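A closer look at the structure
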Amino acid sequence: MTKMHDIPFLDLQAAYRELKPDIDKAVARVLESGWYILGPEVEAFEQEFAAYCQAGHAIGVGNGLDALVLALRAVGVQPGDEVIVPSNTYIATWLAVTQCGAKPIPVEPCESTFNIDPERIEEAITPLTRAILPVHLYGQPADLDPVLSVARHHGLRVVEDAAQAHGARYKGRRIGAHGDAVAWSFYPGKNLGALGDGGAVTTDDAAIASRIRLLRNYGSREKYVHEVQGVNSRLDPIQAAVLRVKLRVLDSWNERRRALAARYVDVLAGAGLVLPAVPDWAEPVWHLFVIRSSARDALKAKFDGAGIGTLIHYPIPPHVQQAYEDLKFDSQAFPLAGRLAEEVLSLPIGPHLSSDAPVAVANILEKQRT
Ligand SMILES: *Cc1c(COP(=O)(O)O)cnc(C)c1O
């Protein structure tokens, strides 16, 4: 940790402490079992997580990026294909596409929700397009119905990046099986976080599920018999055991986030910031609470000085990252992504943040105004 904040952005140790007896017991159970790759603990988590997500199947994999890559491969994305992605997202969304040898085709977001604008998808479709990859950014579901209908109309697959959306609902139904496949990350800071790396894919499609099971384990169903060139990306049983404990508290921890978000909206009204907008069909899980300000950098400095931890998600859009130099995007090609990168700021939020924190944050703004 580089700098201590009085109000930390996120407190992972507090999360462990709250569940310590159950987590310690779960870890010990795996250590004693002698079963250290896949096996009953991973299978139990897969069943519980699928049921939670209202999906037919869940397949545990090594991390969120692998979940995206394997989901894209399983729906048939191949080298030379194009995949439509948001212009404003974490770079993993794009990396998954390029790892498949496909090309990311960015589409700008709706300004109010930060999620991909379904109205702009059609114009990005070409004969090479194979799939659409919406992201439920910051824990708020993307508008899936219009995305699914464009996809159906053009014969495209839909893979969702749900790395920030554990428990979120779209029109009353949990994220987990609206599209062909849904990719999850259990990176420690996510709403459902492991004590290390982890990921999963959920789907209602038995053939996709079976393909991912094959791909994650060396392309092998039967030991030393390899049907396809797979990878090694398996959810660790120790992480699966920890995730089973944390899945039981996910709804109540998301509820704490929701209460904090509501409090922020209350106390920050009239503070001159753009606050998150929630469409009436969306039930977000507030992975992040992101505000916008044209004076973002000064504001962040002010919070830092006052001991309040904030972060920027994300400061550089993928199309201007050096990693994607080879795609030769004009840096101004996606102005909305560019502007969001300059204006967004994530305020502290999490199941262990004090309920007084939103008021402390608002007080800093008051001081700024006088
Ligand atoms: C965290 C995250 C990922 C990647 O997950 P890892 O488990 O870190 O590989 C992908 N997409 C989004 C939007 C994320 O937030």
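This one's a predicted model, so the numbers in the text were calculated from it and none came from an experiment.

**Here we look at the overall build of the protein**
A tally of helices and strands in the protein yields ten helices and 14 strands. Over its C-alpha atoms the protein spans a radius of gyration of 21 Å, differing by no more than 12% from the 21 Å that the globule rule assigns to 370 residues. Seen through its C-alpha atoms, the protein measures out along the principal axes to roughly 70 × 55 × 40 Å. Looking at the protein as a whole, 55% of its 370 residues are labelled buried. In the protein, 71% of the contacts between residues at least 6 apart in sequence involve partners at least 24 apart. Only carbon and sulfur atoms are counted for the fraction: they give 52% of the accessible area of the protein, which is about 16100 Å².

**Focus: the UniProt feature "active site" (unreviewed entry) in the protein**
Here, the residues flagged by UniProt with the feature "active site" (unreviewed entry) are Lys190. Structurally, Lys190 can be placed in the loop between strand S8 (181-185) and strand S9 (199-203). With relative accessibility at 16%, the residue Lys190 sits in the buried group. Beyond its immediate chain neighbours, meaning those up to four positions away, Lys190 contacts Ala163, His166, Ser185 and His287.

**Some thoughts on helix H7 (residues 237-268)**
Helix length check: H7 (32 residues) gives 43 Å between terminal C-alpha atoms against 46 Å at 1.5 Å per residue, within 8%. Along H7, the sharpest kink reaches roughly 50°, centred on Leu250. Structurally, the start of H7 carries an N-cap: the backbone nitrogen of Ile238 is 2.7 Å from a side-chain oxygen of Asp236. Where H7 ends, the next residue or the one after it, Gly270, has phi of about 80°, a positive value.

**Quick word on the site of the ligand**
Neighbouring the ligand are Asn63, Gly64, Leu65, Tyr90, Ala92, Val135, Asp161, Ala163, Gln164, Ser185, Tyr187 and Lys190. The separation between an oxygen atom of the ligand and a polar main-chain atom of Leu65 is 2.9 Å. Contacts to the ligand include Lys190, whose side-chain N or O atom sits 2.7 Å from an oxygen atom. Burial of the ligand by the protein chains amounts to 91% of its free accessible area of 380 Å². In this structure the site holding the ligand corresponds to the largest pocket.

**Examining helix H8 (residues 296-305)**
Buried residues of H8: Arg296, Leu299, Lys300 and Phe303, and no others. Projected onto a plane normal to the axis of H8, the buried residues spread over an arc of 100° and lie on a single side. Those residues of H8 that are exposed and aimed more than 90 degrees away from the buried face are Asp297 and Gly305. Immediately beyond the C-terminal end of H8, within one or two residues, lies Gly307, with a positive phi of roughly 80°.

**What about the packing of aromatic side chains?**
Taken as a whole and judged by the stated rule, the model has twelve aromatic pairs. Judged by centre distance (5.2 Å) and plane angle (75°), the ring pair of Phe114 and Tyr138 falls under edge-to-face. Highlighted residues: Phe114 in the loop between strand S3 (103-107) and strand S4 (129-132) and Tyr138 in the loop between S4 and helix H5 (144-154), separated in sequence by 24 residues. Looking at Tyr138, the relative accessible area reads 8%, which means it is buried. Stacked on the ring of Tyr52, the Lys or Arg Arg174 has its end atom at 4.1 Å from the ring centre.

**So, the side chain of His178**
Following the sequence through the fold, His178 ends up in the loop between strand S7 (173-174) and S8. Take His178: its relative accessible area is 16%, and that puts it in the buried class. Here His178 is in contact with Leu144, Leu148, Glu160, Tyr170 and Arg173, once residues within four sequence places are set aside.

Definitions and limits used
Residues numbered from 1 in each chain as written. Predicted model: local features only at pLDDT ≥ 70, side-chain atom pairs only at ≥ 80, totals over all residues. Heavy atoms only, no water. Helix = DSSP H or I, 4+ residues; strand = E, 2+ residues; numbered from the N terminus. Rg over C-alpha atoms; globule rule 2.2 N^0.38 Å. Buried < 20%, exposed > 50% of the residue type's maximum accessible area, 1.4 Å probe, protein only. Contact = heavy atoms within 4.5 Å. Areas by Shrake-Rupley, 256 points an atom, 1.4 Å probe, with all protein chains shown as cover. UniProt positions renumbered as here; feature names shortened; annotations may be inferred. Expected span 1.5 Å × (residues − 1). Bend = angle between axes of the 7 residues up to and from the residue. Polar contact = N/O pair within 3.5 Å; in protein donor to acceptor, adjacent residues only side chain to side chain. Near = heavy atom within 4 Å. 1 Å grid on protein atoms, 1.4 Å probe; cavity = no way out; pocket = protein on both sides within 12 Å on 5 of 7 lines; lining within 4 Å. Sits in = over half its atoms within 2 Å of the grid points. Arc of directions from axis to C-beta. Phe/Tyr/Trp six-rings, centres within 6.5 Å; stacked < 30°, edge-to-face > 60°. Lys NZ or Arg CZ within 6 Å of the ring centre and 35° of its normal.

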